[in-house]
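Each chain is listed here by its residues.
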Amino acid sequence: MSGRTPRPASRILLTDPDGRVLLFRFTPDDRPPFWCTPGGALDPGESYEAAARRELREETGLDLDCGPEVARRRVEFVTIEGVPVDADERYFAVRTETTAIDSGGHTDLEQRVMREWRWFDRAELDHHDEPYFPEDLGTLLALTEAR
């Protein structure tokens, strides 16, 4: 056992009509900025599917069916709050017809560290100068496009 806190989480691969993916820029106090897909930890007793829809609604203002899980990964990292976790992340592919994002549902922490978002195409991801997660995002997007 790693001594890390288990963290079940749902993450959303949200793409717009042009096939671009939405990422949020995190600016924590203890490390350089990075970009990440919408999503987060499950609430107690919540399913991965329910968490995906809730997180999508809270972080983007979009209330959409997230469909079935399309990918899963296990990763260890330190959360923005400084907690070392062993994350069991489930990914859901969601397409939206709009690029408008409503951040009104962000928590106080999210309002402090997630002040920017952007739609990225695959070429921009390949040449982006700040880290983004998951690191294999291009591969995950290609897998979901093939479905």
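Residues numbered from 1 in each chain as written. Predicted model: local features only at pLDDT ≥ 70, side-chain atom pairs only at ≥ 80, totals over all residues. Heavy atoms only, no water.

Draft legend 1. A look at helix H4 (residues 137-145). Within H4, burial applies to Leu 137, Leu 140, Leu 141 and Thr 144. Taken end-on, H4 shows its buried residues confined to a sector of 100°, consistent with a single buried face. (Buried < 20%, exposed > 50% of the residue type's maximum accessible area, 1.4 Å probe, protein only. Helix = DSSP H or I, 4+ residues; strand = E, 2+ residues; numbered from the N terminus. Arc of directions from axis to C-beta.)

Draft legend 2. Expanded view of the side chain of Glu 55. Turning to its location among the elements, Glu 55 is positioned in helix H1 (residues 48-60). What Glu 55 contacts, discounting residues up to four positions off in sequence, is Ile 12, Gly 39, Gly 40, Ala 41 and Thr 60. (Contact = heavy atoms within 4.5 Å.)

Draft legend 3. Examining H1 more closely. The terminal C-alpha atoms of H1 lie 18 Å apart, and with 13 residues this matches the ideal 18 Å at 1.5 Å per residue to within 8%. Taken as a whole, H1 has its buried residues at Tyr 48, Ala 51, Ala 52, Arg 54, Glu 55, Leu 56, Glu 59 and Thr 60. Residues of H1 that are buried sit in contact with strand S1 (5-15), strand S2 (21-26), strand S4 (39-41), strand S6 (84-95) and helix H2 (108-113). Gly 61 occupies a position one or two residues after H1 and carries a positive phi of about 85°. (Expected span 1.5 Å × (residues − 1).)

Draft legend 4. Representation of the environment of Val 94 in the model. Within the secondary structure, Val 94 sits in strand S6. In this structure the C-alpha to C-alpha distance between Val 94 and Ala 52, which are 42 residues apart in sequence, comes to 9.9 Å. When near neighbours in sequence (up to four residues on either side) are disregarded, Val 94 contacts Ile 12, Leu 13, Leu 14, Thr 15, Leu 56, Leu 64, Asp 65 and Cys 66.

Draft legend 5. Highlighting the confidence of the model for the protein. When pLDDT is averaged across the protein, the result is 92; 97% of the residues are at 70 or more. Mean pLDDT in the protein bottoms out at H2, which sits at 84, and peaks at S1, which reaches 97. (pLDDT = per-residue confidence, 0-100.)

Draft legend 6. Examining the side chain of Glu 89 more closely. Among the structural elements, Glu 89 can be located in strand S6. Among the polar contacts listed, one links the side chain of Glu 89 to the side chain of Arg 73, at a separation of 2.7 Å. Here the side chain of Glu 89 touches Tyr 91 through a polar contact of 2.9 Å, side chain to side chain. Residues within four places of Glu 89 in sequence aside, it is in contact with Ala 9, Arg 11, Ala 71, Arg 72, Arg 73, Val 75 and Phe 77. (Polar contact = N/O pair within 3.5 Å; in protein donor to acceptor, adjacent residues only side chain to side chain.)

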